[in-house]
Amino acid sequence: MLASNETKARWLSWGRRGTAGAAIPMALGFDQVTQRFGDVTALSEVSLSIEPGEVVALLGQSGCGKTTLLRLAAGVERPSSGRVLLEGSDVSSPQSFVEPEQRGVGLVFQDYALFPHLSVRENVRFGLRGYDETSAEATALRAIARVGLADLSEAYPHMLSGGEQQRVALARAIAPRPGVLLMDEPFSNLDRRLRDVVRDETAALLKETGATSIIVTHDPEDAMRIADRIVLMRAGRIVQVGTGEQLYRQPNSLFAARFFCDFTEIEGRVLRGAVDTPVGRFPAGDLGEGAQAVVCIRPQAIRLTPKGFCLPGRVVTRRFLGEVDHVLLAVSGFDRPLLARVSLTGSVREGDDVGIDIPTDEVLVFPAGDT
Ligand SMILES: Nc1ncnc2c1ncn2[C@@H]1O[C@H](COP(=O)(O)OP(=O)(O)OP(=O)(O)O)[C@@H](O)[C@H]1O
């Protein structure tokens, strides 16, 4: 949760500096930022550079420090040590502090923080206090039209769906054309179907506005669908930074791997450069001889072949999920089922004997205990 109601009200009541014409995206940087709250270290020496116009997702489990990093960028919080930089200049450091309203930063709160007694138009205008009457009105209406709510500009928040409320919050944040847009769990209050639509719309809008954007989320799918780069965090530190594809295909740890895929994990020991498991022998990469390892098998990588080919197995359950089937396979010598997500024809049934093909280049191997 980004802020208390009091902080939200204060944030919203400040006039926004913004940029007069099109948003001018700003570079945002964190240099060795540490944030302590009493005994709790929320962030430990975090360094990160975000390019102008880049959309970055801060991804991680609850309590890993995502929101704290967002609050530091917004200027709602001051770091215990380290620097926050906008366009290469310190905005928070031991020597200097630029007030939030001077930063040209827009914020979308997790609960949207719309004023219930104000219409859509008035809510959006509220974020434009530094503007004169005529230009505030025109700017608000332009932002409302941009999020597709022109017909609802006189409606009140309780008359809107969750997705529409989210769009009002977005319109209010983008109206002053901030150089940096910060969004705290913007899709978490939406049901699954609406979430997909709003997420794609938001992604398109962020690119259109051109603002440098940070989105906080604990959902890897949100992060992959909306962000140019994902910053995976854990316990106040950055674990890995990269595109969604890099994090998915080349996770640097078992922790990162588990975040993006529901692997079947099998423990084994490295012998002559490979790990022997009941489902096959897999190259151990850099792991030393005798090391205990975890072999991670991607359900999507598994292919089923006719009985008699590849590894023998039996279909325990098969569930049709639309585009793929979710199949649990029993393999001799392995006490748990192997999960496969495959597209099947109708001919494979529960209880059938099949062959299981596991391409070794799709299998990841990590040191055991590397969590
Ligand atoms: N004002 C505060 N006072 C004390 N502890 C705090 C404060 N703000 C954050 N923390 C602690 O700092 C850590 C990081 O919190 P933060 O809210 O940044 O995590 P998060 O990753 O955003 O979590 P969530 O997804 O649940 O919002 C947590 O242990 C949290 O309890």
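Please read these numbers as outputs of a predicted model, since none were measured by experiment. Every chain begins its residue count from 1, and numbering advances along the sequence as written. The predicted nature of this model means local features are confined to residues of pLDDT at least 70 and side-chain atom pairs, given and counted, to a pLDDT of 80 or more, with totals for whole chains, interfaces and linings taken over all residues. Remark: hydrogens and water are excluded; side-chain values derive from all non-hydrogen atoms of the structure.

Enquirer: Account for the UniProt feature "domain: ABC transporter" (unreviewed entry) in the chain, naming residues and giving values.
Expert: UniProt positions are given in the numbering used here, feature names are shortened, and annotations may be inferred rather than shown by experiment. The sites that carry the UniProt feature "domain: ABC transporter" (unreviewed entry) are, in the present numbering, residues 28–260. Helix and strand assignments follow DSSP, with helices taken as H or I runs no shorter than four residues and strands as E runs no shorter than two, numbered in order from the N terminus. Taken as a whole, residues 28–260 contains 35% helix and 27% strand, while its terminal C-alpha atoms sit 26 Å from one another.

Enquirer: A description of the packing of helix H5 (residues 162–174) against helix H6 (residues 192–209) should follow, citing residues and the corresponding values.
Expert: One can describe the packing of H5 onto H6 by two numbers: an axis separation of 10 Å at closest approach and a directional angle of 15 degrees. Comparing their axes, H6 and H5 come out roughly parallel. Viewed along their axes, H5 and H6 form a crossing whose handedness is right-handed. Contacts from Gly162, Gly163, Gln166, Arg167, Leu170 and Ile174 in H5 reach Leu194, Val198, Glu201, Thr202, Leu205 and Thr209 in H6. Within the contact of H5 with H6, the residues separate by chemical class into five nonpolar, five polar and two charged. To obtain an axis, a line is fitted to C-alpha atoms, over the contacting stretch when the element is a helix, and the angle between two such axes runs from 0 to 180 degrees between their N-to-C directions. With respect to orientation, any angle under 35 degrees is reported as roughly parallel, any angle over 145 as roughly antiparallel, any angle of 65 to 115 as roughly perpendicular, and every other angle as oblique. What makes a crossing left-handed is the near helix being turned counterclockwise from the far one by less than a right angle; a clockwise turn instead makes it right-handed. Contact criterion: two residues are considered in contact whenever any of their non-hydrogen atoms come within 4.5 Å of each other. Any residue outside Ala, Val, Leu, Ile, Met, Phe, Trp, Tyr, Cys, Pro, Asp, Glu, Lys and Arg is labelled polar, Gly included; the first ten of those are nonpolar and the last four are charged.

Enquirer: A description of the packing of aromatic side chains should follow, citing residues and the corresponding values.
Expert: Centres within 6.5 Å make a pair out of two Phe, Tyr or Trp rings, where for Trp the six-membered ring is used; the pair is then stacked when the planes are under 30 degrees apart, edge-to-face when over 60, and tilted otherwise. As enumerated under the stated definition, the model contains three aromatic pairs in all. Judged by centre distance (4.6 Å) and plane angle (55 degrees), the ring pair of phenylalanine 115 and phenylalanine 126 falls under tilted. Here phenylalanine 115, found in the loop between strand E6 (105–108) and helix H3 (120–126), pairs with phenylalanine 126, found in helix H3; they are eleven residues apart in sequence, far enough to count as distant. Looking at phenylalanine 115, the relative accessible area reads 17%, which means it is buried. Here a set of aromatic residues connected by ring pairs shows up, and it is made of Phe255, Phe259 and Phe260. Two conditions define a charge sitting above a ring: the NZ of Lys or the CZ of Arg must be within 6 Å of the ring centre, and it must be within 35 degrees of the ring normal. Directly above the ring of phenylalanine 97 sits arginine 78, whose terminal nitrogen or CZ lies 3.9 Å from the centroid. Relative accessibility under 20% of the residue-type maximum defines a buried residue, over 50% an exposed one, and the middle range a partly exposed one, all with a 1.4 Å probe and only protein chains included.

Enquirer: Which residues make up the side chain of glutamate 77, and what values go with them?
Expert: With respect to the helices, strands and loops of the structure, glutamate 77 is situated in the loop between helix H2 (66–74) and strand E4 (81–86). Any N or O atom pair separated by 3.5 Å or less is treated as a polar contact, with the protein-specific requirement of one donor-capable and one acceptor-capable atom, and with residues adjacent in sequence counted only for side-chain atom pairs. Here the side chain of glutamate 77 touches arginine 71 through a polar contact of 2.7 Å, side chain to side chain. If sequence neighbours within four positions are ignored, glutamate 77 has contacts with Gln35, Phe37, Arg71, Leu72 and Phe97.

Enquirer: Tell me about the site of the ligand, and name the residues and values.
Expert: In the region of the ligand, 13 residues are neighbours, and Ser62, Gly63, Lys66, Thr67 and Thr68 sit closest. Between an oxygen atom of the ligand and a side-chain N or O atom of serine 62, the distance comes to 2.5 Å. Within the contact set of the ligand, an oxygen atom lies 3.0 Å away from a backbone nitrogen or oxygen of glycine 65. Note on areas: these come from Shrake-Rupley sampling with a 1.4 Å probe, and a residue is covered only by the protein chains present in the view. Within the complex, the protein chains bury 62% of what would otherwise be the 640 Å² of accessible surface of the ligand. Elements that contribute at least two residues to the shell around the ligand include exactly strand E2 (40–50) and H2. Looking at the shell around the ligand element by element, the count peaks at three residues for H2. We define proximity as follows: a residue is near a molecule or strand when any one of its heavy atoms falls within 4 Å of that partner.

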